[in-house]
Each structure stands twice: as structure tokens, then as C-alpha cells.
Amino acid sequence: MPASAGRKARSGERREAILAAALDEFSSRGFEAARLEDVARRAGVAKGTIYLYFRDKENLFQELIRTMLTPLVGTIEAMGQADVPLPVLADRIVDLFVSQVYETRRKDVVRLMISEGRRFPKLAEFYYREVIGRVLPVIRARLMLAVERGELAHDALARFPQLL
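Residues numbered from 1 in each chain as written. Predicted model: local features only at pLDDT ≥ 70, side-chain atom pairs only at ≥ 80, totals over all residues. Heavy atoms only, no water.

Participant: What exactly am I supposed to notice about the overall build of the protein chain here?
Facilitator: A tally of helices and strands in the protein chain yields 8 helices and 0 strands. When the helices and strands of the protein chain are read in sequence order from the N terminus, they spell out α-α-α-α-α-α-α-α. Expressed along its principal axes, the backbone C-alpha trace of the protein chain runs to roughly 60 × 45 × 25 Å. With 164 residues in all, the protein chain has 40% of them scored as buried. Counting contacts in the protein chain only where the partners sit at least 6 residues apart, residues at least 24 apart contribute 62% of the total. When the accessible area of the protein chain is evaluated, it comes to approximately 9500 Å², of which 57% is carbon and sulfur surface. The positive charge centre, built from 27 side chains, and the negative charge centre, built from 22, are 6 Å apart in the protein chain. (Helix = DSSP H or I, 4+ residues; strand = E, 2+ residues; numbered from the N terminus. Buried < 20%, exposed > 50% of the residue type's maximum accessible area, 1.4 Å probe, protein only. Contact = heavy atoms within 4.5 Å. Areas by Shrake-Rupley, 256 points an atom, 1.4 Å probe, with all protein chains shown as cover. Lys, Arg positive; Asp, Glu negative; His and termini not counted. Charge placed at Lys NZ, Arg CZ, Asp CG, Glu CD.)

Here it is as C-alpha cells:
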């Protein structure tokens, strides 16, 4: 392996260690009380190393959302394209949520957004834009299709998919 490839691999490992440490720190202390010094300690890096990868604590948290939840959003978007009955799609989404959120550390990111979002509107806006704002239109479209197919008797759920 060339030296540059080795450096790139170590850089990627450091970045992942920082993200994992940040998740631990945010989960145990909350966003406001979490300190980058403590994230660095957990990751085994100098505090300044964090700034090589992330602009600030908010950017670090946003990257946690992006790396942990965006792949699931893409999966849900793809599921929304499948031509399957609504009950089948609903089962698949629930299974995905259980296996990929509830049974993983991703649940910590969601929990943090629920508990901290009201105090940190920029983070809440980012979460909405990157996660909720992408999932709701997919769910809404599938629910409207279910109404058209007669799988749902009324369009109320399609008009307000956030009720799900």
C-alpha cells in the first residue's frame, strides 16, 4: 500500500473514531454539555485534530446525522419506489426501523434530536431537511397511491403522514 493510501486510511479511521466518540459524548451529556475536549479524549486524539475534520461541535453533530441516518433515508426513498401493497411497504419500513434504528446506536441520534432539537433550532432544521423532509414526501406519495388503489378509505393519513 502506498504511503498516501495508508495516510488516507488512517485519516478515515481517525474521522470514524471522532464520530463514534462524539456519539458517546452527546449521548451521555447531551449536545449542550458535550465538550470537544471530551470527544477528543474519547477518540484518543488531540482536540485540534477534531478541527481538521469538523468546523465546530454543531458541524460534528450534523455529520453524525448525515453519516448515520442519511443511508436509511435513501433506503426508504428506494422502498417508496417499489410497487407493493401498502401493508407490505409498511411492514418493510417498520422492520427497517427496528433493525437499523431501534437495535443500533442510530436510536441515540434520533433520541438526541427529540430531546435537544427544541433548544437548538439550527440542528433541528438540519435534521428536518436531511431526514424528515426527505422521508415525509415519500410516505405521503405512497399513502396517496394507497388511497387511489382503495387500500386506504380516506386520504387524511396521506395529507398528514407525520402522524405515522
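Anyway, onward from the coordinates.
Participant: Any chance you could explain the nonpolar core here in plain terms?
Facilitator: Generally speaking, soluble globular proteins have nonpolar side chains that are buried together. Among the nonpolar cores identified, the biggest contains 46 residues, and Phe26, Leu60, Phe61, Ile65 and Leu69 are the most heavily contacted of them. Those elements that place two or more of their residues in this core are helix 1 (3-29), helix 2 (36-43), helix 4 (57-81), helix 5 (86-102), helix 6 (106-116) and helix 7 (121-149). (Core = buried A, V, L, I, M, F, W, Y, C linked by side-chain atoms within 4.5 Å.)

Participant: What is the right way to look at helix 7 in this model?
Facilitator: With 29 residues, helix 7 ought to run about 42 Å at 1.5 Å a step, and its terminal C-alpha atoms sit 39 Å apart, in line with that. Within the span of helix 7, buried status applies to Leu123, Phe126, Tyr127, Glu130, Val131, Val135, Leu136, Val138, Ile139, Arg142, Leu143 and Ala146. Among the structural elements, helix 4, helix 5, helix 6 and helix 8 (156-159) are those in contact with the buried residues of helix 7. Of the residues one or two after helix 7, glycine 150 is the one with positive phi, at around 85 degrees. (Expected span 1.5 Å × (residues − 1).)

Participant: What is the right way to read the environment of leucine 157 from this model?
Facilitator: Mapped onto the fold, leucine 157 is located in helix 8. Those residues in contact with leucine 157 that sit more than four places away from it in its chain are Leu143, Leu163 and Leu164.

Participant: Would you mind showing me how to read the pattern of salt bridges here?
Facilitator: A side chain with one charge can pair with a side chain of the opposite charge if their charged atoms come near. The tally for this structure, following the rule as stated, stands at 17 salt bridges. One salt bridge in this structure joins glutamate 16 and arginine 15, with 3.8 Å as the shortest N-O distance. Across the pair arginine 42 and glutamate 25 runs a salt bridge, and its minimum N-O distance is 2.5 Å. Taken as a pair, arginine 42 in helix 2 and glutamate 25 in helix 1 lie far apart in primary sequence, 17 residues in all. (Salt bridge = Lys/Arg side-chain N within 4 Å of Asp/Glu carboxyl O.)

Participant: Where do I start with the packing of helix 4 against helix 7 in this structure?
Facilitator: Packed helices, taken two at a time, are described by the angle between their axes plus the distance between the axes. At a closest axis distance of 9 Å, the pairing of helix 4 and helix 7 adopts a crossing angle of 5 degrees. In terms of orientation, helix 4 lies roughly parallel with respect to helix 7. Taken together, the residues of helix 7 that come into contact with helix 4 (itself represented by Glu58, Phe61, Gln62, Ile65, Arg66, Leu69, Thr70, Val73, Gly74, Ile76, Glu77 and Gly80) are Lys122, Leu123, Phe126, Tyr127, Glu130, Val131, Arg134, Val135, Val138, Ile139 and Arg142. Tallied by class, residues from the contact of helix 4 with helix 7 come to 12 nonpolar, 4 polar and 7 charged. (Axes fitted to C-alpha atoms, helices over the stretch in contact; angles between N-to-C directions. Parallel < 35°, antiparallel > 145°, perpendicular 65-115°, else oblique. Nonpolar A, V, L, I, M, F, W, Y, C, P; charged D, E, K, R; others polar.)

Participant: Is there a simple way to think about the packing of aromatic side chains in this case?
Facilitator: Each aromatic ring pair is described using two quantities: the centre-to-centre distance and the angle formed by the ring planes. For the structure shown, the criterion picks out 5 aromatic pairs. On the numbers, 5.6 Å between centres and 75 degrees between planes, the contact of phenylalanine 31 with phenylalanine 61 is edge-to-face. Separated by 30 residues along the polypeptide, phenylalanine 31 in the loop between helix 1 and helix 2 and phenylalanine 61 in helix 4 bring together distant segments of the chain. Across the pair, exposure class does not vary: phenylalanine 31 and phenylalanine 61 are buried alike. (Phe/Tyr/Trp six-rings, centres within 6.5 Å; stacked < 30°, edge-to-face > 60°.)

Participant: Before we go on, may I ask you to explain the packing of helix 4 against helix 5 in this structure?
Facilitator: With their axes 11 Å apart at the nearest point, helix 4 and helix 5 run at an angle of 170 degrees to one another. On the basis of the axis angle, helix 4 is roughly antiparallel to helix 5. In contact with Leu72, Thr75, Ile76 and Met79 of helix 4, helix 5 contributes Leu89, Arg92, Ile93, Leu96, Gln100 and Val101. Considered class by class, the residues forming the contact of helix 4 with helix 5 number 7 nonpolar, 2 polar and 1 charged.

Remember that the coordinates give geometry; whether it matters functionally is a separate question.
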